[in-house]
Amino acid sequence: MAGMLYLVPTPIGNLGDISQRCRETLEQADFIAAEDTRVTLKLLNHLGIKKSLVSYYEHNKAFKGNVILDRILAGETCALVSDAGSPAISDPGEDLVRQCAEAGITVCAIPGPCAVITALSISGQSTGRFCFEGFLSTAKKSRREHLAALEKETRTMVFYEAPHKLLSTLEDMAQVFGADRPISLCRELTKLHEEVVRTTLGEAVEKYTQQSPKGEFVLVVAGAVLEQPEAATETDAAACVAELMAQGLSRKDAVKQAAKTLNLPKNVVYDAALAADREEE
Ligand code: SAM
């Protein structure tokens, strides 16, 4: 019988955030697949767990994925961890989950620390609807294209960012979204120097022009507030009907077309046209 794949989230800073269930899963798994075995070894030592580790990361995942899959198919249980947070979220794991699912292997995701959700919940931005945009490209052109595609995004947007790229990202964001757009910069979450700066893109650019950013960041940017087109008035309706009648349409057809064009109820357009006629008399 095939084994199973467990996705085990690990702390994003505070070691106390490892759950009882994650600890037990790491203890009971036959082996642990880890993004960086040295990082995971530190965690296992802290938890007092001794377990066989295999590395599974971006540049060996094509080959190692098959090795892990074969072991699971032979009946072993694998716990997948990344360096920190939830595996498969901007971390290796996505491909392994797909491979397992395609091979009919049960995949179990244990809920736990995840930088996106931790940042979003503390951001003070609207959380009802959001989109996760992961990391922006290091290449200027694709980073700007990515941001340009989000210009009219009305949902709250969450980005992962490395400190050395922060300033150029903020400058590009200010250019695309405007300097007044609210942003929450969530830094070093769950760690000793946790900080949430709720400000605007313009002010964030100013801040990090003066001081160099340190630590890990999640950027939570407010969505666009799109301007509603101004609603047509009764004067617009009367003028539209008059113009259409001057073009030869009957009053009935002119009212029908004006109502459609201006997105107004027909009776409102009709009454407006009638009132305008009366005023002229
Ligand atoms: N899979 C992980 C998760 O979802 O929590 C994320 C891994 S991704 C490779 C690493 C990025 O997550 C960092 O560059 C940073 O943007 C964010 N991050 C991770 N830990 C963080 C922390 N303690 N505070 C702020 N951001 C953090």
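What you are looking at is a predicted structure, and each value in this text was computed from that prediction instead of being measured. Every chain is numbered independently, its residues counted from 1 as its sequence is written. The model is predicted, so local features are restricted to residues of pLDDT at least 70 and side-chain atom pairs to those at 80 or more, both for listing and for counting; the totals for chains, interfaces and linings are taken over all residues. To obtain the side-chain values, all non-hydrogen atoms of the structure were used and water was disregarded.

Details of the site of the ligand
Definition of nearness: a residue and a molecule or strand are near each other if at least one heavy atom of the residue lies within 4 Å of the molecule or strand. In the region of the ligand, 19 residues are neighbours, and Ile 89, Asp 91, Ala 115, Tyr 160 and Phe 217 sit closest. Under this definition, polar contacts are N or O atom pairs within 3.5 Å; protein pairs additionally need one hydrogen-donor-capable and one acceptor-capable atom, and for neighbouring residues in sequence, both atoms have to be side-chain atoms. Ala 115 places a main-chain nitrogen or oxygen 2.7 Å from an oxygen atom of the ligand. With respect to the ligand, the side chain of Glu 216 contributes an N or O atom lying 3.3 Å from a nitrogen atom. Out of a free accessible area of 580 Å², the ligand has 91% covered by protein chains. Judged by the proximity of its atoms to the pocket grid, the ligand belongs to the largest pocket. Broken down by secondary-structure element, the contributors of at least two residues to the shell around the ligand are β7 (156-161) and β10 (217-221). Among the residues making up the shell around the ligand, the classes are represented as 11 nonpolar, three polar and five charged. Accessible surface area values rest on a Shrake-Rupley calculation with a 1.4 Å probe, where residue burial reflects the displayed protein chains alone. Cavities and pockets were defined on a 1 Å grid built from protein atoms only: a cavity is a group of points that admits a 1.4 Å probe but offers it no way out, a pocket is an open group of points flanked by protein on both sides within 12 Å along at least five of seven lines, and a lining residue is one with an atom within 4 Å of any such point. Think of it this way: a molecule belongs to a cavity or pocket when more than half its atoms come within 2 Å of the grid points there. Think of it this way: any DSSP run of H or I at least four residues long counts as a helix, any run of E at least two long counts as a strand, and we number them from the N terminus. Following the grouping adopted for this structure description, the nonpolar residues are Ala, Val, Leu, Ile, Met, Phe, Trp, Tyr, Cys and Pro, the charged ones are Asp, Glu, Lys and Arg, and the polar ones are all others, Gly among them.

A few points about the sheet that holds strand β9 (residues 195-200)
As summarised here, the arrangement of the five strands in space is β6-β7-β10-β8-β9, forming an open sheet in which the pairing is mixed. Two strands close off the open sheet at either side, each with one partner strand: β6 (130-135) and β9. The average undirected angle you get between the axes of adjacent strands in this sheet is 20°. Strands are labelled as partners when DSSP assigns at least two bridges between them. Pairing geometry for β7 and β10, over five bridges, is antiparallel. Residue Met 157 lies in a different strand from β10, and its bridge partner there is Val 221. The strands that helix α7 (residues 163-177) touches are β7, β8 (182-187) and β10; relative to β10, the one it contacts most, it runs at about 10°. An axis is simply a line fitted to the C-alpha atoms; with a helix, the fit covers only the stretch in contact. Between two such axes, the angle follows the N-to-C directions and lies from 0 to 180 degrees. Any pair of residues with heavy atoms lying within 4.5 Å of one another is described as a contacting pair.

What to know about the domain arrangement of the protein chain
Boundaries of every domain are those given by an automatic assignment or by a domain database. Assigned domains within the protein chain: domain 1 (4-113), domain 2 (116-221) and domain 3 (234-280). With centres defined by C-alpha atoms, the gap from domain 2 to domain 3 works out at 49 Å.

So, unusual backbone geometry
At Ala 88, a position not held by glycine, the phi torsion is positive, near 80°. With respect to the helices and strands, the residue Ala 88 is situated in the loop between β4 (78-81) and α4 (94-102).

Quick notes on the pattern of salt bridges
Salt-bridge detection follows one rule: a side-chain nitrogen of Lys or Arg within 4 Å of a carboxyl oxygen of Asp or Glu. Under the definition given, this model contains 15 salt bridges. A salt bridge links Arg 187 to Glu 195; the shortest N-O distance between them is 2.8 Å. Residue Glu 195 is classed as partly exposed on the basis of its relative accessible area of 26%. Here Lys 191 makes a salt bridge to Glu 188, at a shortest N to O gap of 3.4 Å. Only protein chains enter the accessibility calculation, which uses a 1.4 Å probe; a residue is then buried when its area is under 20% of its type maximum, exposed when over 50%, and partly exposed in between. By relative accessible area, which is 27% here, Lys 191 ends up partly exposed. Put simply, Glu 58, Lys 61, Glu 94, Asp 95 and Arg 98 are held in one network by salt bridges that share partners.

Overview of the sheet that holds β4
Hydrogen bonding along the main chain pairs the strands of a sheet, whether they run parallel or antiparallel. Pairing is parallel in the open sheet, where five strands are placed in the order β3-β2-β4-β1-β5. A strand with exactly one partner marks an edge of an open sheet, and here the two such strands are β3 (53-55) and β5 (106-109). Sheet twist, expressed as the mean angle between neighbouring strand axes with direction ignored, is 25°. Relative to β4, strand β2 (residues 31-34) runs parallel, the two sharing four bridges. Paired with Ala 34 across the two strands is Val 81, which belongs to β4.

As for the nonpolar core
The biggest cluster of nonpolar side chains holds 21 residues, and the ones touching the most others in it are Phe 159, Leu 170, Met 173, Phe 177, Ile 183, Leu 185 and Leu 219. Of all elements in the fold, only β7, α7, β8, α8 (201-210) and β10 reach the threshold of two or more residues within this core. In this structure, Met 173 is in contact with Leu 136, Leu 147, Phe 159, Gly 178, Leu 201, Leu 219 and Val 221, ignoring residues within four places of it in sequence. Side-chain atoms within 4.5 Å link the members of a nonpolar core, which is a set of buried Ala, Val, Leu, Ile, Met, Phe, Trp, Tyr and Cys residues.

A word on a nonpolar patch on the surface
Nonpolar side chains collect at one region of the surface, where Ile 89, Ile 117, Phe 130 and Phe 132 lie side by side and expose about 310 Å² of accessible area between them. Inspection of the secondary structure puts Ile 117 in helix α5 (residues 115-123). Patch definition: residues above 30% relative accessible area lacking any salt bridge, with like charges linked at up to 9 Å and the nonpolar side chains Val, Leu, Ile, Met, Phe, Trp and Tyr linked at up to 5 Å.

Some remarks on the packing of aromatic side chains
Each aromatic pair joins two rings of Phe, Tyr and Trp (for Trp, the six-membered one) with centres within 6.5 Å, and gets the label stacked for planes under 30 degrees apart, edge-to-face for over 60, and tilted for any other angle. Here the structure, examined in full by the defined rule, presents three aromatic pairs. Consider the rings of Phe 132 and Tyr 160, whose centres lie 4.9 Å apart with planes at 70°: the pair is edge-to-face. Placement of Phe 132 in strand β6 and of Tyr 160 in strand β7 is noted, with a sequence separation of 28 residues between them. On the basis of relative accessible area, Phe 132 is assigned to the partly exposed category, the value being 30%. Of the aromatic side chains, those joined through ring pairs into one cluster are Phe 132, Phe 135 and Tyr 160. Sitting over a ring, as applied to charges here, requires NZ of Lys or CZ of Arg to be within 6 Å of the ring centre and within 35 degrees of the ring normal. We note Arg 71 situated over the ring of Phe 31; from NZ or CZ to the ring centre the distance is 3.9 Å.

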